[in-house]
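Residues per chain, in single letters:
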Amino acid sequence: MSSDQDQDHIDQLLERYLTLLDEYTTLRKHLSGLQSDVYHNIARANFSGERGLRYGQDHYDERMRASRRVGITNVENGVPRFTVTTTSQNNSTFVEAEGDEEEKKTAEKAHDASGDGEPARSPGTLGEEDGKQETKSKKMCDPLRWFGILTPMPLRAAQRHSIRAVEDVIPRLVSVNAEMQHVEIEVRRARKRRAKAEAARSKGRAAEAATTLGQQVGAA
């Protein structure tokens, strides 16, 4: 690769880096705006809420589950790409379902040991109860329901801004940051290759000049 080609490659990398930097700056600004909107709406909800009621971590309990999952995939050149997806209902309620299953087994063992109690339930009754339980789980999956039925609109707006930040802005932000780091490494490598090539060419020119000088001295 010639010196001009090396320089063109470095220029292309720097152009790509500046494009990523501009996108990174825009995303950071957008994220800052979303976070400000979240805190502002939470403050509005607390201001207009009932006396003594504050929307925050005091309402968190054992129902707290991760509603989003982070996925990392490697694209070309090994640059990671981050994505955030919604957790499925089965995964989000896995721990609860496991605990309920253990409680059912314990109750069945106690019932068999005592030999008395309620009669066995019909399959239709079990199906209806399972449907009710599934509907209840879906309702409780939304964290806003922890704060009651009449959720203030500012609190819903805060949730909407938070979801947008977590699902759209933050994954793209960290993906751009990872690609910027990769481009920085490529620029350093390209500059090292160019420096080595220039050193080799300088050494070759020096050797050629020494040979020419020796020939001239010998001819004289």
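I will try to describe carefully the structure that is included in this document. This one's a predicted model, so the numbers in the text were calculated from it and none came from an experiment.

This brings us to the pairing of strand E1 (residues 68-74). When E1 meets strand E2 (residues 80-86), the two strands line up antiparallel, connected through seven bridges. The residue of E2 that forms the bridge with Arg68 is Thr86. Here E1 folds back onto E2 in antiparallel fashion, the turn holding five residues, of which Asn77 has a positive phi close to 65°.

The next thing to look at is a nonpolar patch on the surface. Among the surface-exposed residues, Val166, Ile170 and Val174 lie close enough to one another that they form a single nonpolar patch of about 190 Å² accessible area. By the secondary structure assignment, Ile170 is in helix H5 (residues 153-219).

Attention now goes to the layout of surface pockets. Within this model, the second largest pocket holds a volume of roughly 270 Å³. What lines the second largest pocket is a set of 14 residues, and nearest its centre among them are Arg16, Val75, Glu76, Val79 and Glu179. Elements with a minimum of two residues in the lining of the second largest pocket: helix H1 (3-48), E2 and H5. Ranked by the residues each element gives to the lining of the second largest pocket, the list is headed by H5, at six residues. Partitioning the lining of the second largest pocket into residue classes produces five nonpolar, three polar and six charged.

Let us now look at H1. What sets the pattern is the α-helix's 3.6 residues per turn: residues three or four places apart point alike. When the terminal C-alpha atoms of H1 are compared, their 67 Å separation across 46 residues agrees well with the 68 Å that a helix rising 1.5 Å per residue should span. What H1 keeps buried is the set Asp6, Ile10, Leu13, Leu20, Tyr24, Leu27, Leu31, Leu34, Val38, Asn41, Ala45 and Asn46.

So, on to the pattern of salt bridges. One side chain can pair with another of opposite charge once the charged atoms of both are near each other. Applying the stated criterion to the full structure yields four salt bridges. A salt bridge links Arg172 to Glu23, with the shortest nitrogen-to-oxygen separation between them at 2.7 Å. Residue Arg172 is found in helix H5, and its partner Glu23 is found in helix H1; the two are separated by 149 residues along the sequence. Residue Arg172 is classed as partly exposed on the basis of its relative accessible area, which comes to 31%. In this structure, Glu186 and Arg189 form a salt bridge, with 3.5 Å as the shortest nitrogen-oxygen distance. With a gap of three residues between them, Glu186 and Arg189 both fall in helix H5, about one helical turn apart. Judged by relative accessible area, which is 46%, Arg189 ranks as partly exposed.

Cut-offs and rules
- Residues numbered from 1 in each chain as written.
- Predicted model: local features only at pLDDT ≥ 70, side-chain atom pairs only at ≥ 80, totals over all residues.
- Heavy atoms only, no water.
- Pairing = 2+ DSSP bridges.
- Helix = DSSP H or I, 4+ residues; strand = E, 2+ residues; numbered from the N terminus.
- Patch = residues over 30% accessible without salt bridge, like charges linked within 9 Å, V, L, I, M, F, W, Y side chains within 5 Å.
- Areas by Shrake-Rupley, 256 points an atom, 1.4 Å probe, with all protein chains shown as cover.
- Salt bridge = Lys/Arg side-chain N within 4 Å of Asp/Glu carboxyl O.
- 1 Å grid on protein atoms, 1.4 Å probe; cavity = no way out; pocket = protein on both sides within 12 Å on 5 of 7 lines; lining within 4 Å.
- Points joined across faces, edges and corners; volume = space filled by probe spheres on them.
- Nonpolar A, V, L, I, M, F, W, Y, C, P; charged D, E, K, R; others polar.
- Expected span 1.5 Å × (residues − 1).
- Buried < 20%, exposed > 50% of the residue type's maximum accessible area, 1.4 Å probe, protein only.

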